[in-house]
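Spelled out, the chains give:
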Amino acid sequence: MLDEHMLRYERPAATWTEALPVGNGRIGAMVFGGLSEDRIQLNDITVWAGDRSPTASPGFAEAAAEARQLCFAGRPAEAEALLQPFMGVSTGPRSHQTAGDLHLVYEGIDAETTVGYGRTLDLDQAAATVSFTADGAVHTREVIASIPHDALIIRLTADRPGRIHVTASLDRPEDFTAAGRENGLEMWGQAGHDGAADGVRWHVRLDAAAEGGTVREDQGRLRIAGADAVTLIIAIATDYHHADPQTPLTANLAVACRSVTGRLMRIPYTELRKEASAAHQRLYRRCGLRLDGPDRTSTPTDRRLADVRAGADDPGLLSLLFHYGRYLLIASSRPGSLPANLQGLWNEHLKAPWNADYHININLQMNYWHAESANLPSCHEPFFDFIERVAARGEETAARVYRCRGTVAHHTTDAWLHSDPFGNIRYGLFPHGLGWSSRSFMEAWRYRGDESFLRDRAFPLLRKVARFYLDTLAEEPSTGLLVTGPESSPENAYRSKDGNTVTICMGSAMGLQIVQEALAHLLEAAAVLDVKDSLTAEAEQALARLADGLIIGEDGRILEWRRPVDEPEPGHRHISHLYAVYPGSSVKPADARLMDAARKTLAHRLSHGGGHTGWSRAWIINLEARFRDSDAAHHNLVELLRTSMNPNLFDDHPPFQIDGNFGAAAGIIEMLIQSHQQEHPPAGPFVLDLLPALPRAWPAGEIRGVRTRGGFDVDLAWNGGKLTEARLTSTRGGAAILRYDGKDRPIALAPGESLTLGPGGEPMHRSHP
């Protein structure tokens, strides 16, 4: 047991955000750890209310063309009033939904007389455990979500025979039927909303095996009495069809569940547990972090959090937050299922906040910022699969709504893959969801060097995205340059010259930065693949005429819009005009002018209350790391704990959103190693910048198993704020430039070869595979 990888508590969860999550990428549970009564809330990431996708009104393209001219004429309020009626109308909630609750009622357990209560989530073992002593017997309850067995497994034990007496039942807030079966329970239904059952059909089955004692069904409940130990197996199946969500699967869900539970009931729990842990650890143990400081691993996590809020220094809690970010991605995003949504896969609601959907104006992308760098590329695959399916739908939207080539999706989508612009222009008119998402495909290529991925997946998406941009860029009359729009800068507003608060614009900074990057990525991929055609020629010509997305205003800040404006909300949570700094990388550390302007931009946001949501704070951590402002990055990490963290360390927007957890993990890596810069792209070596933003609060520590662009696995150790040792292993062979303490050293390694550096980054020795 690795205590530094443990969340621990001394009392049961009283609220959902105190419960502890387990998951296998598709199904999961929130474990409350009650004594005489316990609740285990169940999820399947594919349980969604029905597909009533919003669609833009006919005539959108013509209205958008007229709105574009009104914006150019300095009449954005009229443009917004003209185009708003053509936006699709929200048809929600089309929410992700809970799969229900397992209730366990224990006889002979008096909460008032139990002693030694402990509740833990072991991130290394992927197990939620409760233990206590009641009437002289030590009880242990463990919950795992097994990846290889595709099931939730619950184990109840006591160290004295015949002490387990428990009644199990299944229910859900609505839209379900439950029934007892021999040695088990079943519950089934169809996800719906407002009385309409038109969503995903689902089925839950629980089977029980008792060692000693009796098991009997009693009016829809399962009663187990006098057992020495009990194993409960839960299987969940749905008719969600990933390849074509509008055409449900036709398999018998009850049979599918029964086949899982029936097979697993024949396998001893120790074997199930061993196989589940091994599968998890193959991913989890690839990477690790240790930050030296007081050992507080035996202190309950909620108390440590309270102490940090009171001003205590606890580097170990930041290490735990990093480990948790990796754990949560492993648990909520595995090949073959949907990607992690706004809540990962954990959701107790029928109508979740923001439907627990897929916001692609930062949130879904942030979920995967650490997927490659934390050495979890397989966890990235659901994102790629999903975006490709959205892009296929987006081709229809581009043709029908915009009357153009290519593909487009807007600020959000969901399991039904909708891609039309809908809702208020302030948030809904953001035609860059796929442009932004395409950068993750290029990042995967840079980390992995898999040319087949570049050719077969990244390049086709980039071509579709580029076609849309090339057809919708418009010449700005006053400059002759090409600009994006009509669009909004995500969820933000400005005051027009006539004093109106408006959101529509032409050429937002973020829009231009994303287009510049997407077209450059297309040309980079084309160069690697030796492709030259009419599309790459169009892209080259458009890039030469594209307006600058990094305009510096008179006050030294980067402008969010094409001219200086009054901002009604200067502390806005989105920091869209710094996209090119992070997650983008077109603003280089050596470009002092732009970096200084970006710093001033962020400082202005923060001085007006920016960073007040969890995910926004996580973005700021990464930006400060890119600025090499180590103490500011650390300050914002601590502020994330102080202001935006639930007792179970779920990020608090508020309410809970998981992106802040994932963004924080990415930010910690960004503080310790960066590899954005490439010498002579597309084929030149990447610069591996060691300890670029190491804060004074972390004088000693180590990180291991992180991956860089160019395909290097890196271990770093430091003491006294200085590098003491580094080990770099090339996964595919190649060159890099090592940067530390102002010195650059070129290296070249064969596939599998390692290079060890000593103090100051001096090369010491090589080892060959």
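Note: the structure precedes this text.
What comes next is a walk through the structure. It should be emphasised that the depicted structure is a prediction, and the values quoted were computed from it without experimental measurement.

We now examine the pairing of strand 28 (residues 701-708). Of all eight residues in strand 28, six are buried, a share of seventy percent or more. Relative to strand 28, strand 17 (residues 288-291) runs antiparallel, the two sharing four bridges. Considered in strand 28, the bridge of L291 is made with G701. Pairing between strand 28 and strand 29 (residues 712-719): six bridges, direction antiparallel. From the neighbouring strand, I703 faces strand 29, where its bridge partner is L716. The antiparallel hairpin formed by strand 28 and strand 29 contains three residues in its connecting segment, where G710 sits at a positive phi of about 90°.

Further remarks concern the packing of aromatic side chains. Under the counting rule described, the total for this entry stands at 20 aromatic pairs. Ring centres 6.4 Å apart and planes at 20° place the aromatic pair Y324 and F650 in the stacked group. With Y324 in helix 6 (residues 315-332) and F650 in the loop between helix 16 (630-643) and helix 17 (659-672), this residue pair connects regions lying 326 residues apart in the sequence. Pair check on accessibility: Y324 and F650 agree, each one buried. Ring geometry for W369 versus Y582: centroids 4.9 Å apart, planes at 85°, classification edge-to-face. Of the two residues, W369 is situated in the loop between helix 7 (363-367) and helix 8 (377-402) and Y582 in the loop between helix 13 (534-545) and helix 14 (592-607); the sequence distance between them amounts to 213 residues. One aromatic cluster is present, built from ring pairs that chain together W16, Y324, Y327, W346, F650 and F656.

Taken in spatial order, the six strands make up an open sheet running 17-28-29-30-33-34, and their pairing is antiparallel. The two strands at the open ends of the sheet, each matched to only one other strand, are strand 17 and strand 34 (763-767). With direction set aside, neighbouring strand axes in the sheet form an average angle of 15°.

A few words now on the pairing of strand 7 (residues 127-134). Residues in a regular strand project their side chains so that they alternate between the two faces of the sheet. With respect to burial, strand 7 is a largely interior element, six of its eight residues being buried. The pairing of strand 6 (residues 115-122) with strand 7 spans six bridges and is classified as antiparallel. Its bridge partner being in strand 7, D122 is matched across the sheet by A127. Between the antiparallel neighbours strand 6 and strand 7 lie four residues, among them A126 with a positive phi of about 55°. Between strand 7 and strand 8 (residues 137-146), which pair antiparallel in sequence order, lie two residues; one of them, D135, sits at a positive phi of approximately 55°.

A separate point is the packing of helix 16 against helix 17. With their axes 11 Å apart at the nearest point, helix 16 and helix 17 run at an angle of 155° to one another. It follows from the interaxial angle that helix 16 and helix 17 lie roughly antiparallel. Crossing of helix 16 against helix 17: the hand is left-handed. The residues of helix 17 that touch helix 16, namely those facing S630, A633, H634, L637 and L640, are G660, A664, I668 and M671. Grouping the amino acids of the contact of helix 16 with helix 17 by side-chain chemistry returns six nonpolar, three polar and no charged.

As a further point, take the nonpolar core. With 221 residues, the main nonpolar core has L42, L102, Y327, W619 and W698 as its most contacted residues. Setting aside chain neighbours within four positions, we find L102 in contact with D38, R39, I40, L42, I154, A168, S169, L170, L206, L232 and I234. Formed by 14 residues, the second largest nonpolar core is a distinct cluster that contains I153, A237, L253 and Y269.

Residue P583 follows Y582 across a cis peptide bond; omega there is 10°. Looking at the secondary structure, you find P583 in the loop between helix 13 and helix 14. Cis peptide bonds are those with omega within 30 degrees of zero, and the linkage from H653 to P654 qualifies with -5°. Here P654 shows up in the loop between helix 16 and helix 17. The phi torsion at D150 lies on the positive side, around 55°, for a residue other than glycine. Relative to the helices and strands, D150 resides in the loop between strand 8 and strand 9 (151-158). Despite not being glycine, R628 shows a phi value in the positive range, around 65°. Counting through the fold element by element, R628 comes out in the loop between helix 15 (614-626) and helix 16.

Analysis parameters
- Within every chain, residues take consecutive numbers counted from 1 along the sequence as written.
- The model is predicted, so local features are restricted to residues of pLDDT at least 70 and side-chain atom pairs to those at 80 or more, both for listing and for counting; the totals for chains, interfaces and linings are taken over all residues.
- Hydrogen atoms and water are omitted, and side-chain values are computed over all heavy atoms in the structure.
- Type-normalised accessible area, obtained with a 1.4 Å probe on protein chains alone, sets the label of each residue: buried when under 20%, exposed when over 50%, and partly exposed for intermediate values.
- The way it works is that DSSP assigns letters per residue, a run of H or I at least four long becomes a helix, a run of E at least two long becomes a strand, and they are numbered from the N terminus.
- Pairing between strands is defined by DSSP: at least two bridges between them are needed.
- Aromatic pairing here means that ring centres of Phe, Tyr or Trp (its six-membered ring) are within 6.5 Å. Orientation follows from the plane angle: under 30 degrees is stacked, over 60 is edge-to-face, and everything else is tilted.
- Axis lines are fitted to C-alpha atoms, over the contacting stretch for helices. Their N-to-C directions set the angle, which ranges from 0 to 180 degrees.
- Roughly parallel covers angles under 35 degrees, roughly antiparallel covers those over 145, roughly perpendicular covers 65 to 115, and oblique covers all other angles.
- Helix crossings fall into two classes, left-handed where the near helix is turned counterclockwise from the far one by less than a right angle and right-handed where it is turned clockwise.
- Contacts are assigned to residue pairs that have any heavy atoms within 4.5 Å of one another.
- The nonpolar class holds Ala, Val, Leu, Ile, Met, Phe, Trp, Tyr, Cys and Pro. Asp, Glu, Lys and Arg form the charged class, and all remaining residues, Gly among them, are polar.
- Grouping buried Ala, Val, Leu, Ile, Met, Phe, Trp, Tyr and Cys residues that are joined through side-chain atoms within 4.5 Å yields what is termed a nonpolar core.

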